[in-house]
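# Observations on chain architecture
Residue-level listing of the chains:
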Amino acid sequence: MNSSAPPSTLPGIPPATSPGATPLITARDLHLAFGLTEALRGVDLTIRSGEILAIMGPSGSGKSTLLHILAGVLVPDRGSVVYNGQRISTMNEAERARLRLAEFGFVFQFGQLLPDLSALDNVSIPLLLGGMSRREALARSEELLGSFGLSSCKDKRPPQLSGGQAQRVALARALVAGPRVLFADEPTGSLDSLSSEQVMEMLAATVRGFGVTLVVVTHDARTAAYADREVIVRDGQIRSGFEL
Amino acid sequence: MKTLACARLLLAHDRTSLLRLLGIVCGVAVGTALFLTLWGFAQGLTTRTERATWPDYATDGTAGMPAGELTGELSSDQIVISGNSAVLYSSLADHFLDKRIGVVSIAATADSTVAVPGAHPLPGPGEYLASPAAAALIAEYPVEALGERYGQPAGILGDEALGSPGSLLILRGMTLEEIREQPDATVVSSLAGKAFSTSTFRIAAIVGSIAILLPVLLLISIITRLGAAQRSETFATLRLIGATPAQIARLAVLETGVTSLVGAVLGAVLAWAASPLFAQIQIDNERFFASDIQPSLPFALGVALLITLATTFVAWVRALRSQNTDLGASRELMEKRPGLWRLVPVLLGMLALVGGGWLSSNPVMNLGVSELLFGALFVAGFAAILIGLVLAGPLLTWWASRFAARFSRGAAGVIAFARIRQHPQATFRAVGGLVVAVFVASFFFAAITIAHVEEEGDGRDSQQGGAESSSDTAGASERSAVGASPDLLHASLSGGYTVADMDAVQEQLKAADGVTGVAPVYYHERPTATEEGSNTEGEASGGAEAGPSEGIAVLRARDAAVLGIPEAEVPDAPWIELPPRYLPSASVPEDADPEASIQAAQFADSSELRPSYLFVGYDGDPLMRERIRTVLLTSSLRLAMVPLTIAEMRDDGATDSFVQEYAYLANLGVLIATAVSGISMAVSTVSSILDRRRTLALMRLAGMPHTTLRRMIAAETLLPLLVVFLLSAGLGFVVAQLLLSGLTAGRRSVIFSLLDPTYFVVLALSLLLATAAILATFPTARRSTALSVTRFE
């Protein structure tokens with residue numbers, strides 16, 4: 001993987017205002033069951049603007065479920081999620097999709113890039129979905145890829161990229177539309193330790209520099225170390241004393 | 001690794017895998033059943049034609065000698081051909097209400113050994129055997145309407161004499177002397193039909209079968225690739241834990257082999273068992289005997305085995321080719337950029353058609369070049385083009401996607417065109433069946449414009465021997481008999497009568513129930529050009545009944561009203577010349593004046609008149625018409641043919657064309673091919689979504705709306721479809737032109753002005769079907785990319 005410094009400026013992304021000041025997402029009494037399995041059993045969580053929050057826990061503890069509810073992907077059986085004054089948990093699917101497209105970015109462990117598209121096209125997709133012209137979207141995406149040190153890879157397709165490069169392209173795609181919150185689900189889960197470190201450094205530096213709130217799900221303590229605080233989910237609940 | 005144990009382990013408790021395999025089994029079963037059923041229809045049509053045409057080939061003069069050459073008292077010694085026993089034989093087409101009844105008259109010497117299809121034994125003089133349908137028809141109506149025409153019933157004709165269960169056929173016994181007087185009576189030593197009168201029709205049938213069956217094979221090919229991506233991930237994981245490429249290939253062979261075998265055997269049994277049901281489908285208004293379209297069980301199982309072997313072999317090759325790493329990574333298989341070589345089969349096919357055409361029209365044919373060679377060239381050329389179209393499709397799709405990608409603006413377009421560019425074969429596979437169906441439709445509809453030419457009276461390539469003359473007659477009737485009343489039976493007389501005889505007949509017939517008028521029409525030989533001078537009026541009339549020897553048709557002025565001639569147009573004379581528009585003659589010149597006025601006929605003596613037609617008007621009641629027809633047929637009048645109305649003559653011409661019959665099959669084939677292709681397209685499109693479900697679900701998770709997903713699916717499907725749609729339609733026309741021109745040594749070509757409007761309906765239907773197939777995939781695409789997929793994939 002080519003190492004590079006975190007971008008000092010991100011095209012199209014407004015600079016941070018006052019990170020860490022106000023609650024951005026507030027979740028209260030979240031319950032969700034998959035059949036007879038209760039994935040979440042009364043979770044309360046507040047995420048402040050501009051902070052980096054790590055959600056930790058063992059496999060099957062409900063941490064990914066919590067992330068998906070916070071991001072408006074899943075709807076809780078009970079409880080509420082309020083984002084920036086909007087009650088996500090009562091929105092319909094289309095409204096939640098629009099919110100995700102406009103306000104949130106996502107990074108996953110693997111398989112998130114469209115394999116048929118070049119790195120540049122992959123990054124430009126959120127802008128096109130948002131209605132931007134192709135020319136402008138490509139220009140902004142190219143600039144962002146350049147700032148992530150990926151200019152030489154812009155015409156490569158995902159199968160031609162290394163794991164670290166692919167994750168950085170995914171990160172660029174997640175950030176290109178200027179989200180206020182970035183949700184990352186095991187973003188380094190498929191990478192070696194060196195690549196993991198480089199990706200997390202870039203991720204942390206970028207979100208800190210521009211006041212983007214980062215919610216990262218991980219079971220890796222080294223990844224969690226980049227967070228401002230961490231919560232541990234176990235058996236569908238946040239263990240008391242762990243929300244700092 | 002124990003392959004069987006491993007396969008069981010992989011499948012047990014995996015509902016998705018079991019469903020996929022079940023889908024393959026069902027798809028292969030449907031494909032195999034369709035293949036065998038269509039094959040059965042193609043074979044059935046051949047068998048049916050061969051059986052149904054036995055009455056035709058004995059009368060065209062090629063199989064025997066005219067009975068008119070027999071003289072004196074007839075005996076067994078005279079009725080032989082090349083030392084073989086023979087029979088006297090004649091056939092004609094009778095009509096009853098709106099039905100045609102084939103009537104074969106036959107007379108044999110006592111020691112004749114000629115086998116007559118379906119007659120065991122032969123009916124004696126004055127007796128008849130009827131096909132089951134004809135017997136039922138006769139029983140349904142009063143004997144004076146129909147039954148009396150043929151004599152005494154003596155039994156039922158066997159199925160081996162009939163084209164279909166609904167065939168109306170009468171085998172009538174006569175004495176040797178009676179049948180000798182029949183028009184077209186022939187001495188024949190054998191009675192057998194032909195499936196194909198020429199190699200041209202045999203080639204056309206083979207080409208048609210290939211065109212109909214290929215889309216079905218495409219369907220089977222697509223079905224067996226269901227869930228290919230999911231399976232390749234499983235195999236990749238097995239490689240990771242130590243399986244060798246050969247072991248993986250064996251697993252793929254086992255999985256595909258077993259599912260294909262089960263599906264193909266099920267399909268074969270289904271086709272075999274359902275053939276009595278399919279036999280009820282009518283082609284050219286005729287059902288089939290189930291035995292004609294039913295594949296034999298060994299053949300059906302043989303086809304099932306072949307399909308199994310083919311799909312298994314392909315699965316084995318695919319599995320071996322995909323195992324290029326032992327890292328276990330589920331990296332997608334890269335498709336190679338389609339090469340220009342993909343155009344070669346189409347070009348070679350065109351070359352073969354052009355070459356075949358050259359051979360068929362070139363004098364080199366006379367130097368001993370076998371018809372088999374140019375026939376093989378046509379069949380091989382057509383097959384190469386059809387297969388070549390499927391091969392060339394990905395290249396054309398790739399070119400089109402590169403072009404379209406430059407202009408794509410939205411996310412759906414960018415994703416779709418990139419997908420097509422990277423997977424031209426996979427994306428074309430989705431529409432390949434429909435593209436082939438459009439090619440086949442274009443080819444058939446262009447080729448069957450020849451059938452319209454046949455209908456118009458140009459019967460040079462007519463399959464049935466009798467069709468040519470009746471077709472000609474019908475065409476001429478349309479030209480000439482426009483002025484005649486529809487409620488008029490035209491009886492053509494074979495001669496030997498005087499005016500006085502006809503006057504007597506006229507009086508007798510007038511007394512019959514339902515008869516509104518009787519008009520004998522006579523033929524009078526007009527003076528030739530060297531004799532002209534005294535009789536200029538005949539020439540001025542436009543030359544009615546002009547033929548090899550010029551003549552005019554005349555009738556008594558008092559009978560003009562029977563033909564519907566207004567009284568004001570009738571000159572004040574005892575005899576008038578009859579203009580061609582009132583005659584059902586085949587020999588009316590095309591340039592005859594349709595508005596020619598009616599002139600008084602001049603001749604020296606009525607003994608110069610030869611009775612030619614007897615026109616009998618009736619009160620419009622169809623059953624009364626049949627009674628009158630029976631009276632005419634059972635009278636002592638010597639008729640050249642069965643008395644017919646103008647509408648019946650036209651009907652004869654319209655239904656006799658062999659090409660028209662194949663056109664029905666072609667239409668049926670196109671409809672089936674289009675429907676099958678629509679199913680293939682839906683299956684393939686869903687399959688391509690399933691292969692990318694995780695990525696697309698993640699995109700949806702990130703906010704991609706459903707509309708983008710729908711647009712993406714539409715673009716991925718429509719681009720290759722539209723590009724190759726136009727090309728395949730054009731290619732269909734070109735191939736039809738090359739084939740028609742080649743098979744007829746340049747005498748025939750596609751006539752675009754005669755293109756059946758149904759063609760455009762089929763094109764519209766294809767596009768509609770494509771749209772329906774795309775729409776049908778939307779709910780599945782939505783379910784398959786549900787956000788929960790990202791959690792459980």
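## Quick notes on the interface of chain A and chain B
Counting residues at the interface gives 28 residues for chain A, matched by 31 residues for chain B. Summed over both sides, the interface of chain A with chain B buries roughly 2600 Å², with 62% coming from carbon and sulfur. Where chain A packs against chain B, one counts two salt bridges. Here Arg700 of chain B makes a salt bridge to Glu93 of chain A, at a shortest N to O gap of 2.8 Å. Applying the counting rule to chain A against chain B returns six residue pairs in polar contact (both at pLDDT 80 or more).

## Some points on unusual backbone geometry
Residues and elements named next belong to chain A. The phi torsion at Asp29 lies on the positive side, around 50 degrees, for a residue other than glycine. In this fold, Asp29 is placed in strand β1 (residues 23-34). What makes Asp29 partly exposed here is its relative accessible area of 33%. A positive phi angle, close to 50 degrees, is found at Asn84, a residue other than glycine. Mapped onto the elements of the fold, Asn84 is located in the loop between β4 (78-83) and β5 (86-87).

## Observations regarding the sheet that holds strand β2 (residues 37-48) of chain A
Residues and elements named next belong to chain A. Spatially, the four strands line up as an open sheet ordered β2-β1-β4-β5, and their pairing is antiparallel. In the strand order of this sheet, the two ends are held by β2 and β5, each with one partner. The pairing of β1 with β2 spans nine bridges and is classified as antiparallel. By the bridge assignment for β2, Ala33 is matched with Glu38.

## Observations regarding the side chain of Asp116 of chain A
Tracing the backbone shows Asp116 of chain A in the loop between β6 (104-107) and α3 (119-129). Residue Asp116 of chain A is classed as buried on the basis of its relative accessible area, which comes to 5%. In this structure the side chain of Asp116 of chain A is engaged in a polar contact, spanning 2.7 Å, whose partner is the side chain of His423 of chain B.

## So, the pairing of strand β6 (residues 127-130) of chain B
All names here are of chain B. The sheet contact formed by β6 and strand β7 (residues 152-156) spans three bridges and is parallel. Paired with Ala130 across the bridge in β7 is Ile156. Handedness of the β6-helix α4 (residues 132-140)-β7 crossover: right-handed. Relative to strand β8 (residues 169-173), β6 runs antiparallel, the two being bridged by three bridges. Paired with Leu129 across the strands is Leu171, a residue of β8.

## So, the pairing of strand β11 (residues 515-525) of chain B
Residue and element names in this part refer to chain B. Among the 11 residues in β11, nine count as buried, and that is most of the element. Where β11 and strand β14 (residues 610-618) come together, eight bridges link them in antiparallel fashion. Paired with Val521 across the two strands is Tyr613, which belongs to β14. Strand direction decides the pairing type here: β11 and strand β12 (residues 551-556), joined by four bridges, are antiparallel. Paired with His524 across the two strands is Ile552, which belongs to β12.

## Brief notes about the nonpolar core
If you look at the biggest cluster of nonpolar residues, it comprises 120 residues, and the most contacted ones within it are Ile125 and Leu182 of chain A together with Phe439 and Met712 of chain B. Sorting elements by how many residues they give to this core places helix α23 (residues 706-743) of chain B first, with 17 residues.

## Observations concerning a nonpolar patch on the surface
Residue and element names in this part refer to chain B. Taken together, the side chains of Leu261, Val265, Val269, Trp272, Leu297, Leu301, Leu305, Leu306 and Leu309 present a nonpolar region at the surface, about 760 Å² in accessible area. Sorting the residues of the nonpolar patch by element identifies α8 (245-278) and α10 (297-322) as the ones contributing at least two each. Per-element tally for the nonpolar patch: the top contributor is α10, with five residues.

## A word on the packing of α3 of chain A against helix α5 (residues 163-175) of chain A
Residues and elements named next belong to chain A. Taken N-terminus to C-terminus, the directions of α3 and α5 make an angle of 25 degrees; their axes are 7 Å apart at the nearest point. Compared by their axis directions, α3 and α5 come out roughly parallel. Crossing handedness for the pair α3 and α5: right-handed. Judged by residue contacts, Ala119, Asn122, Val123 and Pro126 of α3 engage Val169, Ala172 and Arg173 from α5.

## Regarding the sheet that holds strand β10 (residues 237-238) of chain A
Residue and element names in this part refer to chain A. Reading across the sheet, the six strands line up as β6-β7-β8-β3-β9-β10 and stay open at both edges, with mixed pairing between neighbours. Here the strands that pair on one side only, and so sit at the sheet edges, are β6 and β10. Packing against the sheet, α5 makes contact with β6 and β7 (181-185), and its axis sits at approximately 170 degrees to β6.

## Some details on α5 of chain A
End to end, α5 of chain A covers 18 Å across 13 residues, agreeing with the expected 18 Å (1.5 Å per residue, within 8%). With respect to burial, α5 of chain A is a largely interior element, 12 of its 13 residues being buried. Within α5 of chain A the residues assigned to the buried category are Gly164, Gln165, Ala166, Gln167, Arg168, Val169, Ala170, Leu171, Ala172, Arg173, Ala174 and Leu175 of chain A. Where the residues of α5 of chain A are buried, they touch β6, α3, α4 (134-147), β7 and α6 (193-210) of chain A together with α22 (693-701) of chain B.

## Structural notes on the packing of aromatic side chains
In this description, a pair of aromatic rings is defined by centroid distance and the angle of the planes. Under the counting rule described, the total for this entry stands at 15 aromatic pairs over all chains. With centroids separated by 5.5 Å and ring planes inclined at 75 degrees, the aromatic side chains of Tyr522 of chain B and Trp575 of chain B adopt a geometry described as edge-to-face. Separated by 53 residues along the polypeptide, Tyr522 of chain B in strand β11 and Trp575 of chain B in strand β13 (residues 575-577) bring together distant segments of the chain. With respect to class, Tyr522 of chain B is no different from Trp575 of chain B; both count as buried. Judged by centre distance (5.8 Å) and plane angle (45 degrees), the ring pair of Tyr613 of chain B and Phe615 of chain B falls under tilted. Taken together, the ring pairs in this structure connect Tyr83, Phe104, Phe106, Phe108 and Phe183 of chain A into an aromatic cluster. The ring of Tyr497 of chain B has Arg638 of chain B sitting right over it, with the charged end atom 4.8 Å from the ring centre.

Thresholds, definitions, all that
Residues numbered from 1 in each chain as written. Chains lettered and ligands numbered in written order. Predicted model: local features only at pLDDT ≥ 70, side-chain atom pairs only at ≥ 80, totals over all residues. Heavy atoms only, no water. Contact = heavy atoms within 4.5 Å. Buried area = accessible area lost by both parts, 1.4 Å probe. Salt bridge = Lys/Arg side-chain N within 4 Å of Asp/Glu carboxyl O. Polar contact = N/O pair within 3.5 Å; in protein donor to acceptor, adjacent residues only side chain to side chain. Helix = DSSP H or I, 4+ residues; strand = E, 2+ residues; numbered from the N terminus. Buried < 20%, exposed > 50% of the residue type's maximum accessible area, 1.4 Å probe, protein only. Pairing = 2+ DSSP bridges. Right-handed = clockwise from strand over helix to strand, strands pointing away. Core = buried A, V, L, I, M, F, W, Y, C linked by side-chain atoms within 4.5 Å. Patch = residues over 30% accessible without salt bridge, like charges linked within 9 Å, V, L, I, M, F, W, Y side chains within 5 Å. Areas by Shrake-Rupley, 256 points an atom, 1.4 Å probe, with all protein chains shown as cover. Axes fitted to C-alpha atoms, helices over the stretch in contact; angles between N-to-C directions. Parallel < 35°, antiparallel > 145°, perpendicular 65-115°, else oblique. Left-handed = near helix turned anticlockwise from the far one by under 90°. Expected span 1.5 Å × (residues − 1). Phe/Tyr/Trp six-rings, centres within 6.5 Å; stacked < 30°, edge-to-face > 60°. Lys NZ or Arg CZ within 6 Å of the ring centre and 35° of its normal.

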